[in-house]
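Single-letter residue listing:
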Amino acid sequence: MYHIDITRNEKSRLSEIDFNNIPFGHTFSDHLFVAEYKDGAWGNCRIEPFDNLRLSPANMALHYGQSIFEGMKAHRAEDGRILIFRPKKHAERMVNSAYRMGMPAFPADLFLEAIDALVAVESAWIPDLPGTSLYIRPFIFATDEFLGVRPSETYKFIVITGPAGAYYNEPVKLWVSEKYVRAFEGGTGEAKAAGNYAATLLAVKEIRAKGYHQLLWLDGVEHKYIHECGTMNMFFVVGDTVLTPALNGMILPGVTRDSIITILREKNINLDVRDITIQEIADAYKAGELKEVFGAGTAAVVQHVSHINFNGLVMELPASEDRPISNMLYDTIMGLRTGALSDTHNWTHTIDNETLV
């Protein structure tokens, strides 16, 4: 157990929130968790009122991009329990992201204690309407004040939370990127690093002007192998088989992706995890064999894709209600997240009642 100081906000903003209208990522709760890395160790752990940060203009994260993050959701089960889906897996991925970005690992046990403590303090902020959750955003960034290119020697780990609705409110339309590249071999594609997302923003801005939501990223060498999409890993149902790209150091190892693969195998649904070309998907569409396309991620859960534009070929997918595999996966993941389904994998973490003070 770590010692965590708690300073409560004297005036909650909870009464100001319209829980019937909580778009994703716009509303934040009353407190945040902070820990600091100095002299080779993490310490000074505390929960304090949510407020703006004070940073030096010479902060190294602003200049050289040492910044990583995670994302999770807390749900309240019908019996009142507070549940978080696979936080240990997120803690492991943050360790791996930190290693790739030259940053110190944040201890997995402290990660879990920090999440437990903060979510317990913010338990009143957990919405209970269908499709809503308390979103949890842990992140680490460099804090040295130095204009030289080297790893920082000091860091902050912060967790913020906020009630949130769905990430997407409709099936998404994808544009296959043949001009821009998200990741390449030897790069940082498999890390959940802030810079990976910054590199996508211009391309997304351009395709949204054309009526599309996100880019479907291809590899950076041959521009033909499918990687991922925006904030999601990709799945394709071709005939009676589910295809998803194999992890290759350039694709984020999604927690929802890993869960879906396990569920598909348990249900004996044909699954092929391998390199997939966009031409293969286009050929399947032309042959009438492309049945479903969906993305998977913590924020989006299982997200239907309605259209894919590949070099002028617009692949239009069946209506969302006519997709048995992706709808089953959504219901299963949400059932596990909310406690409606029995968790045979010990994936769902329950906040200890003794923490709820």
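Everything numeric in this text was worked out from a predicted model, so none of it was measured. Residues take numbers from 1 onward in each chain, read along the sequence in its written order. Only residues with pLDDT of at least 70 are given local features in this predicted model, and only at 80 or more are side-chain atom pairs given and counted; all residues enter the totals for whole chains, interfaces and linings. Side-chain calculation: all heavy atoms of the structure are included, whereas hydrogens and water are not.

This next bit is on the layout of surface pockets. With a 1 Å grid spanning the protein atoms alone, the term cavity applies to any set of points in which a 1.4 Å probe fits but cannot get out, the term pocket to an open set with protein on both sides within 12 Å along at least five of seven lines, and the term lining residue to any residue with an atom within 4 Å of a point. Grid points are joined across faces, edges and corners, and a volume is the space filled by probe spheres set on the points. Counted as a void, the largest pocket has a volume near 540 Å³. Forming the walls of the largest pocket are 31 residues, and the residues nearest its centre are Tyr167, Lys192, Tyr197, Gly230 and Thr231. At the level of elements, strand E7 (133-142), helix H4 (194-198), helix H5 (201-208), helix H6 (255-266) and strand E15 (290-297) are the ones that each hand at least two residues to the lining of the largest pocket. Per-element tally for the lining of the largest pocket: the top contributor is H5, with three residues. All residues other than Ala, Val, Leu, Ile, Met, Phe, Trp, Tyr, Cys, Pro, Asp, Glu, Lys and Arg, Gly among them, are scored as polar; the first ten of these are nonpolar and the last four charged. Class assignment of the residues belonging to the lining of the largest pocket gives a composition of 13 nonpolar, 11 polar and seven charged. What counts as a helix is a DSSP run of H or I of at least four residues, what counts as a strand is a run of E of at least two, and both are numbered from the N terminus.

A general tendency of soluble globular proteins is for nonpolar side chains to be buried together. Here, the term nonpolar core denotes a set of buried Ala, Val, Leu, Ile, Met, Phe, Trp, Tyr and Cys residues that are joined through side-chain atoms within 4.5 Å. In this scheme, a residue with accessible area under 20% of its type's maximum is buried, one over 50% is exposed, and one in between is partly exposed, where area comes from a 1.4 Å probe on protein chains only. Grouped together as the largest cluster of nonpolar side chains are 53 residues, with contacts concentrated most on Phe33, Phe111, Val119, Ile140 and Phe157. The biggest single contributor to this core is helix H3 (residues 108-121), with 10 residues. Whether two residues are in contact is decided by their heavy atoms, any of which lying within 4.5 Å being enough. Residues within four places of phenylalanine 33 in sequence aside, it is in contact with Ile4, Cys45, Arg46, Ile47, Ala114, Leu118, Phe157, Ile158 and Val159. Core analysis: the next-biggest nonpolar cluster, separate from the first, contains 25 residues, Val176, Leu216, Phe236 and Ala284 among them.

As a general feature of sheets, a regular strand has side chains that alternate between the two faces. The buried fraction of strand E13 (residues 241-245) is high, at five of five residues. Of the two faces of E13, both are covered, the one formed by Thr241, Leu243 and Pro245 as well as the one formed by Val242 and Thr244. Relative to E13, strand E12 (residues 233-238) runs antiparallel, the two sharing three bridges. Its bridge partner lying in E13, phenylalanine 236 is registered against leucine 243. Following E12, the chain reverses through two residues before pairing antiparallel with E13; glycine 239 in that reversal takes a positive phi of roughly 65°. Strands pair, by our definition, only if DSSP identifies at least two bridges between them. Two elements, E13 and strand E14 (residues 270-274), share five bridges in a ladder whose sense is parallel.

Looking at the secondary structure, you find alanine 284 in helix H7 (residues 278-286). We classify alanine 284 as buried; its relative accessible area is 8%. In this structure the C-alpha to C-alpha distance between alanine 284 and arginine 81, which are 203 residues apart in sequence, comes to 44 Å.

What follows covers empty space enclosed by the protein. On inspection of all chains with the given rule, the structure shows two cavities of 30 Å³ or more. Put simply, the largest cavity is a space of about 40 Å³. Space inside the second largest cavity adds up to approximately 30 Å³. Looking at the second largest cavity, the residues that line it are Tyr225, Ile226, His227, Pro245, Ala246, Asn248, Ile251, Asp275 and Ile276. The residue inventory of the lining of the second largest cavity, partitioned by class, reads six nonpolar, two polar and one charged.

Let us now look at the packing of aromatic side chains. Aromatic pairs are defined between Phe, Tyr and Trp rings, using the six-membered ring for Trp, whenever the two ring centres lie within 6.5 Å; interplanar angles under 30 degrees are classed as stacked, those over 60 as edge-to-face, and all others as tilted. Counted by the stated rule, this structure contains 15 aromatic pairs. Seen from their ring centres, phenylalanine 24 and tyrosine 167 are 4.8 Å apart, and the 75° between their planes marks the pair as edge-to-face. With phenylalanine 24 in the loop between strand E1 (5-6) and strand E2 (31-38) and tyrosine 167 in the loop between strand E8 (155-164) and strand E9 (172-176), this residue pair connects regions lying 143 residues apart in the sequence. On the basis of relative accessible area, phenylalanine 24 is assigned to the buried category, the value being 18%. Plain terms: the ring middles of phenylalanine 139 and phenylalanine 141 are 6.0 Å apart, the flat faces sit at 20° to each other, and that makes the pair stacked. Each member of the pair, phenylalanine 139 as well as phenylalanine 141, is classed as buried.

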